[in-house]
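Below, each chain spelled out in residue letters.
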Amino acid sequence: MLLCGGFPEDLAREILVRLPVKSLLRFKCCCKNWYALIKSRSFIQQQLNCSKNKLLIYDNGASPIPLIILDDQSQENIPQRFRGMATLLGSVDGLFYLECQFDDELISCALWNPATREVRPLPLPPPEISDGSRLGFGLDPLTKDYKVVHFRYSFDYNHVNAAVYSCSRDSWRIFRPKDSYKPHLSNNECLQGRTYGTTYLNGAYYWLLCGMENCSILLFNFGSEVFEEIGGPDGHSVRLVPNAPHLILLDDSIAILSGVDRFFFFDIWVMIQPGVWNKLVTFQCFTRIKSFCDSSLILVTKAFQLLSYNVRTNKTRRLGFRHLGLKDDLDFGGCGVYCYKESLVTIKRGEVDHLFPDIFD
């Protein structure tokens, strides 16, 4: 089949799939064949597989440029922001989950694709779950259903309550997890509203739990909608460092970042299978560890500049970005830094994209 300009379909696909999402959205208007191709599920998945990781920087302060996409070749400013941003989780297939607050009260939540600028408002989670809860966002890989999970511990009744939102159901389901993991969690500060890092990988969301003498990983499987707990490195507690992400995704592996007794030294433990850990590297770092992407930690210097430090090659690289907001976290009016892939994944309900005008500038 020939597409626009006389290109064979296979050749056109190979060219188009490597273009930025911004260009693909324009090319949908070229002809009906290109429109159908770019909208197809197979093309969307192929584009996502070809997309390379970038850094998304969201400035929650008073900056006139709230959103920056940073990669090796360029820096793109996107004038898109949300009033009252309190939480930004992601990215998962180029999507983020966000929550907005007013006077410390949750007023709205939504899914967001920065590349296509789609925003899908979600119903608010049940108040008995959302108040003081931990949350995660991810994909059920079998059904291709994006889900959000909230869970919290009830001190009055000594049990864990949870709720999961499903895009396919467009509703929240409240449930009480099985008690198989509760004896371990009951002594963790996580249930008192504290976790020490979160991340998503292959259909599961992970939280780092830290006790006085050891640590563990709590995961939620988005397919089975079941919680599990995994032991941390045997005989090693996680030494917490202020304002550092202690649970990270290193390439395609769950890893723990821990301070050590020596000043400004860190260990990275990589999980090679559930409950089995290997210490990958010990390194020295004098600057703040802000985020992570691929094999690199993202650092912030005292001059508020971004660096990447590759823990496998031991090489540091300046990223060419400086902003005063990098000194603070997103929830304190600063900048959040996220590893991000551009994608065409749609989050529309049917053919109509319902936006939240009261949270969208």
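Residues numbered from 1 in each chain as written. Predicted model: local features only at pLDDT ≥ 70, side-chain atom pairs only at ≥ 80, totals over all residues. Heavy atoms only, no water.

Here's the deal with the overall build of the protein
Working step 1: Counting secondary structure elements, the protein contains six helices and 24 strands.
Working step 2: The proportion of buried residues among the 361 residues of the protein is 52%.
Working step 3: By sequence separation, contacts in the protein at least 24 residues apart represent 46% of the contacts at least 6 residues apart.
Working step 4: Approximately 17900 Å² of the protein is accessible, and the part contributed by carbon and sulfur atoms is 51%. (Helix = DSSP H or I, 4+ residues; strand = E, 2+ residues; numbered from the N terminus. Buried < 20%, exposed > 50% of the residue type's maximum accessible area, 1.4 Å probe, protein only. Contact = heavy atoms within 4.5 Å. Areas by Shrake-Rupley, 256 points an atom, 1.4 Å probe, with all protein chains shown as cover.)

Examining the sheet that holds strand 19 (residues 276-284)
Working step 1: Read across the sheet, four strands follow the order 16-17-18-19 without closing on themselves; strand pairing throughout is antiparallel. Both outer strands of the open sheet, strand 16 (247-250) and strand 19, are each paired with one neighbouring strand and no more. The sheet shows a mean angle of 30° between the axes of neighbouring strands, direction not considered. (Pairing = 2+ DSSP bridges. Axes fitted to C-alpha atoms, helices over the stretch in contact; angles between N-to-C directions.)

Description of the side chain of Glu99
Working step 1: Note that Glu99 resides in strand 5 (residues 95-102).
Working step 2: At a separation of 3.1 Å, a polar atom in the side chain of Glu99 contacts the side chain of His150. (Polar contact = N/O pair within 3.5 Å; in protein donor to acceptor, adjacent residues only side chain to side chain.)

Remarks on the state of the cysteines
The bond known as a disulfide is covalent and runs between the sulfur atoms of two cysteines.
Working step 1: Applying the stated criterion across every chain yields a total of one disulfide.
Working step 2: With no disulfide partner, Cys109 has as its closest neighbouring cysteine sulfur the one in Cys100, 9.0 Å distant.
Working step 3: Residue class for Cys109 comes out buried when judged on its relative accessible area of 0%. (Disulfide = S-S within 2.5 Å.)

Observations concerning the sheet that holds strand 22 (residues 305-310)
The strands that make up a sheet are held in pairs by hydrogen bonds between backbone atoms, and each pair lies either parallel or antiparallel.
Working step 1: The sheet built from four strands is open, its strands ordered 20-21-22-23 with antiparallel pairing. Taken across any chain shown, the strands that pair with only one partner, and hence form the sheet edges, are strand 20 (288-293) and strand 23 (315-322). On average, adjacent strands in this sheet sit at an angle of 30° to one another, irrespective of strand direction.

Let's talk about the packing of helix 3 (residues 32-39) against helix 4 (residues 41-50)
The angle between the axes and the distance between the axes are what describe a pair of packed helices.
Working step 1: Taken N-terminus to C-terminus, the directions of helix 3 and helix 4 make an angle of 65°; their axes are 5 Å apart at the nearest point. When helix 3 is examined against helix 4, the residues Leu37, Ile38 and Lys39 are found in contact with a partner set consisting of Arg41, Phe43 and Ile44.
Working step 2: Partitioning the contact of helix 3 with helix 4 into residue classes produces four nonpolar, no polar and two charged. (Nonpolar A, V, L, I, M, F, W, Y, C, P; charged D, E, K, R; others polar.)

Observations regarding the pattern of salt bridges
Working step 1: In this structure the tally under the stated criterion is nine salt bridges.
Working step 2: Where Arg18 meets Glu14, a salt bridge forms, and the shortest distance between an N and an O atom there is 3.0 Å.
Working step 3: Of the residues examined, Glu14 reaches a relative accessible area of 37% and is grouped as partly exposed.
Working step 4: Here Glu225 and Arg169 are joined by a salt bridge, their closest N and O atoms 3.7 Å apart. (Salt bridge = Lys/Arg side-chain N within 4 Å of Asp/Glu carboxyl O.)

Some points on the confidence of the model for the protein
Working step 1: Confidence in the prediction of the protein, expressed as mean pLDDT, is 82, and 81% of residues score 70 or more.
Working step 2: Per-element averaging of pLDDT across the protein places helix 6 (residues 182-185) at the bottom with 46 and strand 21 (residues 296-300) at the top with 95.
Working step 3: Note on residues 183-193: pLDDT is under 50 here. Beyond four places in sequence and across chains, it has 24 contacts.
Working step 4: pLDDT under 50 marks residues 351-361. Its contacts with residues more than four places away, or in other chains, come to 28 contacts. (pLDDT = per-residue confidence, 0-100.)

Topic: helix 4
Since there are 3.6 residues in each turn of an α-helix, residues three or four apart along the chain are aligned in direction.
Working step 1: Inspection of helix 4 places Phe43, Ile44, Gln47 and Leu48 among the buried residues, and these make up the whole buried set. Summarising the axial view, the buried residues of helix 4 lie within an arc of 135°, below the 170-degree limit, and thus occupy one face. Among the exposed residues of helix 4, those oriented more than 90 degrees off its buried face are Arg41 and Asn49.
Working step 2: Elements in contact with the buried residues of helix 4: helix 1 (9-16), helix 2 (21-27) and helix 3. (Arc of directions from axis to C-beta.)

A word on helix 3
Working step 1: Taken together, the buried positions of helix 3 are occupied by Trp34, Leu37 and Ile38. Looking down the long axis of helix 3, one finds its buried residues gathered within 90° of arc, a one-sided arrangement.
Working step 2: On its buried face, helix 3 sits against helix 1, helix 2 and helix 4.

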